[in-house]
Amino acid sequence: MNKTFCLLIALFLTGMGFAQGPPILTGTPVMLGLEGNGLRTFGKLILKEEGFVYVQPLGIPYNISPKFQVGGILPFKYVKPGEAEAASGLTDASVFAKYQIFKRDGRAKTFRILAKVQHTFPSGNTLSSPPIGAGIHQTYVGFVAGRISSSIGLYSDFGYVFTSRKAADRFLYNFGVSLPLLPPKYPQKQLNTLLELNGSYLVPLDLHTLFLSPGIQFIPGRRILFEASFQIPVLFRTRFNIIDSNKTRYVVLLGTRFLLH
Amino acid sequence: MKSFLKSTLPVNLVFVLLSLFFSILSANAQAPQEEQRVYIKVEIFGLACPYCAYGMEQDLLQLAGVDKVDIQLKEGLAYLSTPVEQKPGKKEIAKVVEDGGFTVGKIEYSDKPFE
C-alpha cells in the first residue's frame, strides 16, 4: 500500500506548475464554467466483496446568480449482490442548493467558501430485492471550500447527513488536490491529474471508511469534460462486526460534464 | 477580316473603357470603409481555471459590438474590441465581470490593439 501511495504521489507531483480542473469526488466552490449551467453524469462501479453496484446519476445544476446555485440529481442504480438476483431502477433523487458565503479573488487565483444543503428523497424502490432506494429522507448540511490558482487547486467539503427514522446519520468529508499536465491557456486542451480523499463516518455503527482516489480529467474543448477516477479503500474501521460481503473492494468512475450554453 | 476589325475596333474600345470605368466605380462602392475600433483590456481577478473562463468569455461576448474575446488566463486579462460608436462604458464592463462571478480590476481603452 505504501509503495502504491508513493507512486501516486510521485506521478501526481510531476504535474505541478500549471493550471487545473474541477475535482471529481470533492465539491468545488466555483459554480462557473463546467460546474454550472450544464449536465454532469458518470458511471460508478462499486465492487463489493460479494457482488457489485452500478450507479449512474444525472446532475443538472442551475445558477440563479453567480452566488447561488440550485440543482437536482437523478440516479439510476443496478445492484447485483453476489449469487442473488439483480435489481435495477431509478433510485433516490436529490435536490441541492449552494450559496457562496465568502470570496477572495486575486490575479489568477481565488478562495471561496459555500454553504451547501442537499435533500435526498426516498423515491427509489424499496420493495425490490435487493432494494434500490434507501427508504429514508436524508438531509446534508455542510460547507465547500477551495483555493484555486493557476498552478494548483485545493478543495474540501465536509458536512453532516441527518436521516429520518434515526437511520445511520453520518459525517462526510472530502479533500482534493488538482494539478494540470498542460500550461494554463484558454481555450486549449487540458489534461488534469487529481488526488482525492473521501471519508465517511457512520455515527450509530462507529464505522469510519476512507478512500484514496486518484483521478484524471481531459477537457478537449470549451464545453465538454471527460473524467475517470479509481477509489481504493484505505480505512475500514469499526468496533462492531460488519458483514464482510458489504465491504467495498474498489470503485471505478467514468464521467462527463457538458455545458448547455 | 481587316475591314471587320477596323469597323469594330472603336466600338470594342469604348466597351472596354466603359466596363473598366464601371468596374472601378463598383469596386469603390463595395470596398469596406475602414471601421474605427476601440480596444479594451479588462483585468479580471479570480479567473483561476480554464474551465471558469468559458462563462466569462460568453458574458463579454454579449456586450454590443464585441465579436471576439481573448482571455489570458495567467495574467488574468481579457482583451476585446468594439466599433468606436458601440464602445461600452467601464461600469457596463464591470457589471458583466461581477455578474459573471469574478472581481473586476483596471479597465483600459486604446485606439490600437494592445501588445
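What you see is a predicted model, and the numbers here were worked out from it, not measured in a lab. (Residues numbered from 1 in each chain as written. Chains lettered and ligands numbered in written order. Predicted model: local features only at pLDDT ≥ 70, side-chain atom pairs only at ≥ 80, totals over all residues.)

Novice: Break down the overall build of chain A for me, with residues and values.
Specialist: Check the secondary structure of chain A and you find one helix and 13 strands. From first element to last, N terminus to C terminus, chain A shows the α and β order α-β-β-β-β-β-β-β-β-β-β-β-β-β. Per-residue burial for chain A yields a buried fraction of 31% across its 261 residues. Restricting to contacts in chain A with at least 6 residues of sequence separation, those with at least 24 account for 57%. (Helix = DSSP H or I, 4+ residues; strand = E, 2+ residues; numbered from the N terminus. Buried ≥ 20, exposed ≤ 12 C-beta atoms within 10 Å, placed from the backbone. Contact = placed C-beta atoms within 7 Å.)

Novice: Explain the overall build of chain B to me, using residue names and the numbers behind them.
Specialist: Secondary structure assignment for chain B yields three helices and four strands. Going from the N terminus to the C terminus, chain B shows its helices and strands as α-β-α-β-β-α-β. Here the contacts in chain B between residues at least 6 apart in sequence split such that 66% fall between residues at least 24 apart.

Novice: An account of the pairing of strand S5 (residues 94–106) of chain A is needed here, citing residue identities and associated values.
Specialist: Residue and element names in this part refer to chain A. Here six bridges tie strand S3 (residues 68–80) to S5, and the two strands are oriented antiparallel to one another. Looking across to S5, one finds that valine 70 is bridged to alanine 97. As judged from the twelve bridges shared by S5 and strand S6 (residues 109–120), these two strands associate in the antiparallel manner. Bridging across to S6, lysine 98 finds its partner in lysine 116. Between S5 and S6, which follow one another and run antiparallel, lie two residues, and alanine 108 among them has a positive phi close to 55 degrees. (Pairing = 2+ DSSP bridges.)

Novice: Account for the pairing of S6 of chain A, naming residues and giving values.
Specialist: Bridge count for S6 of chain A against strand S7 (residues 138–149) of chain A is twelve bridges, and the pairing is antiparallel. Its bridge partner lying in S7 of chain A, threonine 120 of chain A is registered against glutamine 138 of chain A.

Novice: Talk me through the interface of chain A and chain B; I want residue IDs and the actual numbers.
Specialist: Across the boundary between the two partners, chain A contributes 28 residues, which contact 20 residues of chain B. Elements supplying a minimum of two residues to the side of chain A that touches chain B: S5, S6 and S7 of chain A. In terms of residue class, the side of chain A that touches chain B is built from 13 nonpolar, nine polar and six charged. (Nonpolar A, V, L, I, M, F, W, Y, C, P; charged D, E, K, R; others polar.)

Novice: I'd like a description of the environment of proline 131 of chain A, backed by residues and values.
Specialist: Of note, proline 131 of chain A is situated in the loop between S6 and S7. Those residues in contact with proline 131 of chain A that lie beyond four places of it in its chain are Asn125 and Thr126 of chain A.

Novice: Describe the sheet that holds strand S3 (residues 77–83) of chain B, listing the residues and the values that go with them.
Specialist: Backbone hydrogen bonds hold the strands of a sheet together, and the pairing may be parallel or antiparallel. Residues and elements named next belong to chain B. The strand order S2-S3-S1-S4 describes an open sheet built from four strands, whose pairing is antiparallel. This sheet does not close on itself; its edge strands, each paired only once, are strand S2 (69–72) and strand S4 (103–110). Ignoring strand direction, the axes of neighbouring strands in this sheet form an average angle of 20 degrees. Bridge count between S2 and S3: four bridges; the pairing is antiparallel. When the bridges of S3 are listed, aspartate 70 appears paired with tyrosine 79. Against the sheet, helix H2 (residues 50–61) engages strand S1 (37–45), S2 and S3, with an angle of about 150 degrees to S2. (Axes fitted to C-alpha atoms, helices over the stretch in contact; angles between N-to-C directions.)

Novice: Any details on unusual backbone geometry? Residues and values, ideally.
Specialist: Residue and element names in this part refer to chain A. Across the junction of serine 129 and proline 130, the peptide omega takes the value 0 degrees, indicating a cis bond. For proline 130, the position within the fold is in the loop between S6 and S7. One non-glycine residue with positive phi stands out, namely alanine 108, at about 55 degrees. If you trace the backbone, alanine 108 turns up in the loop between S5 and S6.

Novice: Hey, could you go over the environment of lysine 98 of chain A for me, with residue numbers and the actual values?
Specialist: All names here are of chain A. Structurally, lysine 98 can be placed in strand S5. Separated by 69 residues in sequence, lysine 98 and proline 29 have C-alpha atoms that sit 8.8 Å apart. Not counting chain neighbours up to four residues away, the residues in contact with lysine 98 comprise Met31, Gln69, Leu114, Lys116 and Val144.

Novice: Outline the confidence of the model for chain B, supporting the account with residue identities and numerical values.
Specialist: For chain B, mean pLDDT is 81; residues scoring 70 or higher make up 70% of the total. Across the interface, the model reports ipTM at 0.79; the global pTM reads 0.81. (pLDDT = per-residue confidence, 0-100.)

Novice: Go over helix H3 (residues 90–99) of chain B with me, naming the residues and quoting the values.
Specialist: Residues and elements named next belong to chain B. Ile93, Val96 and Val97 are the residues of H3 that are buried. Within H3, the buried residues cover an arc of 95 degrees as seen down the axis, which keeps them to one side. Exposed side of H3, more than 90 degrees from the buried face: Lys91, Glu92, Glu98 and Asp99 are the residues found there. Where H3 is buried, its residues meet S1, H2 and S4. Where H3 terminates, the next one or two residues include glycine 101, which has phi positive at roughly 100 degrees. (Arc of directions from axis to C-beta.)

Novice: Would you mind going over the nonpolar core in detail, with residue names and values included?
Specialist: With 31 residues, the main nonpolar core has Ile44, Leu47, Cys52, Ala53, Met56 and Ala78 of chain B as its most contacted residues. Put simply, the parts of the chain that give this core at least two residues each are S1, H2, S2, S3 and H3 of chain B. Dropping the residues within four chain positions of it, methionine 56 of chain B is found in contact with Ile44, Leu47, Ile71, Ala78, Gly100 and Phe102 of chain B. With six residues, the next largest nonpolar core counts Ile24, Val177, Leu194 and Leu195 of chain A among its residues. (Core = buried A, V, L, I, M, F, W, Y, C linked by C-beta atoms within 7 Å.)

Novice: Can you explain H2 of chain B? Please cite residues and give values.
Specialist: Residues and elements named next belong to chain B. End to end, H2 covers 17 Å across twelve residues, agreeing with the expected 16 Å (1.5 Å per residue, within 8%). Taking burial as the measure, the twelve residues of H2 include nine buried ones, the bulk of the element. All of the buried residues in H2 are Pro50, Tyr51, Cys52, Ala53, Tyr54, Gly55, Met56, Glu57 and Leu60. (Expected span 1.5 Å × (residues − 1).)

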